[in-house]
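Analysis of the macromolecular model
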Amino acid sequence: MDLAESASELLRRRDLDQEVRKNAPGRRWTEQEREQCRAVDADNTRWLAALVAEYGWPRISDVGLDAAHAAWLIAQHADADPVQQRIFLALMRDAVADGEARLKDLAYLEDRCLRNADQPQLYGTQLVLADDGEIAPAPLAEPQAVDERRAAVGLGSLADYLELVRDHNR
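Residues numbered from 1 in each chain as written. Predicted model: local features only at pLDDT ≥ 70, side-chain atom pairs only at ≥ 80, totals over all residues. Heavy atoms only, no water.

The biggest cluster of nonpolar side chains holds 39 residues, and the ones touching the most others in it are Leu 10, Leu 48, Trp 57, Phe 88, Met 92 and Leu 109. Among the secondary structure elements, those contributing two or more residues to this core are helix H1 (3–21), helix H2 (31–55), helix H4 (65–76), helix H5 (82–97), helix H6 (103–116) and helix H8 (158–168). With 8 residues, the single largest contributor to this core is H4. Setting aside anything within four residues of it in sequence, one finds Leu 109 in contact with Trp 72, Ala 75, Gln 76, Gln 85, Phe 88, Leu 89 and Met 92. (Core = buried A, V, L, I, M, F, W, Y, C linked by side-chain atoms within 4.5 Å. Buried < 20%, exposed > 50% of the residue type's maximum accessible area, 1.4 Å probe, protein only. Helix = DSSP H or I, 4+ residues; strand = E, 2+ residues; numbered from the N terminus. Contact = heavy atoms within 4.5 Å.)

In this fold, Thr 125 is placed in the loop between H6 and strand S1 (127–129). Between the alpha carbons of Thr 125 and Leu 162 there is a distance of 9.2 Å; along the sequence they are 37 residues apart. Excluding anything up to four places from it in sequence, Thr 125 contacts Ala 107, Tyr 108, Asp 111, Arg 150, Leu 155 and Tyr 161.

Take Asp 17: it is sitting in helix H1. On the accessibility criterion, Asp 17 (0% relative accessible area) is buried. Reaching out from Asp 17, the side chain makes a polar contact with the side chain of Arg 21 at a distance of 3.1 Å. Not counting residues up to four positions away in its chain, the partners in contact with Asp 17 are Val 40, Asp 41, Asn 44, Leu 73 and His 77. (Polar contact = N/O pair within 3.5 Å; in protein donor to acceptor, adjacent residues only side chain to side chain.)

It is worth spelling out the packing of aromatic side chains at this point. For the structure shown, the criterion picks out 3 aromatic pairs. Ring geometry for Trp 72 versus Tyr 108: centroids 6.0 Å apart, planes at 75°, classification edge-to-face. Taken together, the positions of Trp 72 in helix H4 and Tyr 108 in helix H6 put the pair 36 residues apart, joining distant regions of the chain. A residue is classified by how much of its surface remains accessible, and Trp 72, at 9% relative accessible area, is buried. By relative accessible area, Tyr 108 is classed as buried at 19%. An aromatic cluster is built from Trp 72, Tyr 108 and Tyr 161, whose rings are joined through pairwise contacts. (Phe/Tyr/Trp six-rings, centres within 6.5 Å; stacked < 30°, edge-to-face > 60°.)

This is how it looks when you write it as structure tokens:
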């Protein structure tokens, strides 16, 4: 498979990723839905790992913005393989440094990897359902500086993000 074919496959896999997630926002998933999601994520993770082993991280100049964003989404959902997810993170950092991936996407993946390592997140992108049923940010490193960090990577305020997510889940 060459990079042009990889771009098409990234987009197809992104669509599959989103398809298994679209039916359950704002409610608890059934075991069948969770299993289907885990299967898609595992297959996508294996596929992306093989792709990056052959070509490196899918860069905007190689696969286009949409397919590069799709690669991030697959990496973001590679939670069952945290070692591979951290490899994706390192490769994506290099791509961002070269202007070949989106800084916002990297912030989400940074937070996801931190959460998966039971460490506080930096940007407040990872949310949890609090005991009172409200959506809240997972633990933050230096919460007083979160909006400054978010602004530095092109994200809006944490309050605006929480409002958007809450509105979407109503």
